[in-house]
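The lines below spell out each chain.
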Amino acid sequence: MPSAHALRSKHRRSALRTAAFMSPWLIGFAVFFAYPLMSTLYFSFTRYDGFRQPAFNGLDNWSYVFTDYPLFWPAMCNTLWLVVVMVSCRVVFGLGVGLLVTKIKTGVGVFRTLFYLPYLAPPVAATLAFVFLLNPGTGPVNTLLDSAGLPTPGWFTDADWSKPALTALALWGVGDLMVIFMAALLDVPKEQYEAAELDGAGSWARFRHITLPNIAPIIMFAVVTGVIQAMQYYAQPLVAGKVAAGVIGGSGQQFEPGYPDKSTLTLPQLVYNLGFQRFDYGTACVVALVLFALSMAFTALLMRRRGGLIGAGE
């Protein structure tokens, strides 16, 4: 029987071997996550402009962001709106397109390509195209609506329509979710559909009791990744606001994000505006930490409420 010293040596060698195999992940976690997070937390309690030494100022930055900064709450509301509405629409639309393409018998490759191609368009180029298509005065979309006798919204020039216009842009590029859902739908066992048909189940019953439970993990993946992407939503609303406002200049031109009427303002825009345009790194770190906390809270809530998300299918 091995002695206690030999057992301890064996456990120590096993722990060192495990740490050696985990060292790439541990180093990456420390360098690219733990250290930036701790630094952000530290700078949020300081007055720091990137040039002079940080000066501790307690909770001044936090108090300013939550009580005195006029752009924070509009950006918070817009970001939450995009998380709830845009992510939900993208998941439902992507699932619907995936179902449609899997049912097509002829030319499925062509349809897959047509639906996936918009996703490959660069975000800035796609946003520019959408702004010109939805131009309230000269855009073809409003021209067609007007010829049909329908109302012609202001889209990116109207605070009430700017976020729906961004949602339409996100739905146009739903090819990534279509491919993911197609793979999941084609992986559902056909025997379950055949047994359900023998039992007299209709299309809705088969979708609810067979399709949804089988693709539940993929739905959860799409929702969680969609929430994270919505929390990082920066380029599209900024470009849409600038072009709609007529500000298409290059670097050095000052532009207050959020046009029209702060309706396209998001929390990532505040982080960039505060940190890299106004050199107020302390306040920018506060907004970044709020964004991080929201992302973690949404992800934790979705993971805990997985059954509630797809309760209709279980």
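In case you missed it, the structure is sitting above this.
Here the structure is a predicted model, which means the values were calculated and not measured.

(A) A look at the nonpolar core. By size, the foremost hydrophobic cluster in this structure holds 57 residues, and its most contacted members are F72, F156, L267 and L270. The set of elements that each furnish at least two residues to this core consists of α3 (72-103), α5 (123-133), α7 (162-172), α8 (175-186), α10 (203-231), α11 (235-244), α12 (267-277) and α13 (281-304). At twelve residues, α10 tops the list of elements feeding residues into this core. Setting aside its immediate chain neighbours within four residues, F156 contacts F130, V131, L134, S162, A165, L166, A240, A244, Y259 and P260.

(B) Inspection of the environment of V174 at higher detail. Within the fold, V174 resides in the loop between α7 and α8. The sequence separation of V174 and G137 amounts to 37 residues, and the corresponding C-alpha distance is 27 Å. Those residues in contact with V174 that lie beyond four places of it in its chain are R90, F93 and G94.

(C) Focus on the state of the cysteines. By the definition in use, this model includes zero disulfides. Counting only cysteine sulfurs, C77 is the nearest neighbor of C89, a cysteine outside any disulfide, at a range of 18 Å. On the basis of relative accessibility, which here comes to 30%, the residue C89 falls in the partly exposed class.

(D) Examining the packing of aromatic side chains more closely. Scanning all chains against the criterion turns up 20 aromatic pairs. Ring centres of W204 and F207 lie 5.7 Å apart, and the angle between their planes is 35°; this geometry places the pair in the tilted category. Remark: F207 and W204 occur in helix α10; sequence separation between them is three residues, near one turn of the helix. For the ring pair Y272 and F276, a centre distance of 5.5 Å and an interplane angle of 35° mean the geometry is tilted. Here Y272 and its partner F276 are both found in helix α12, four residues apart, which amounts to about one turn of the helix. Its relative accessible area of 36% is what places Y272 among the partly exposed residues. Three or more aromatic residues link up through ring pairs in this structure, and these residues are Y42, F43, Y48, Y234, Y272, F276 and Y281. Over the ring of W81 we find K163, and its NZ or CZ is 5.8 Å from the ring centre.

What counts, and where the lines are drawn
Residues numbered from 1 in each chain as written. Predicted model: local features only at pLDDT ≥ 70, side-chain atom pairs only at ≥ 80, totals over all residues. Heavy atoms only, no water. Core = buried A, V, L, I, M, F, W, Y, C linked by side-chain atoms within 4.5 Å. Buried < 20%, exposed > 50% of the residue type's maximum accessible area, 1.4 Å probe, protein only. Helix = DSSP H or I, 4+ residues; strand = E, 2+ residues; numbered from the N terminus. Contact = heavy atoms within 4.5 Å. Disulfide = S-S within 2.5 Å. Phe/Tyr/Trp six-rings, centres within 6.5 Å; stacked < 30°, edge-to-face > 60°. Lys NZ or Arg CZ within 6 Å of the ring centre and 35° of its normal.

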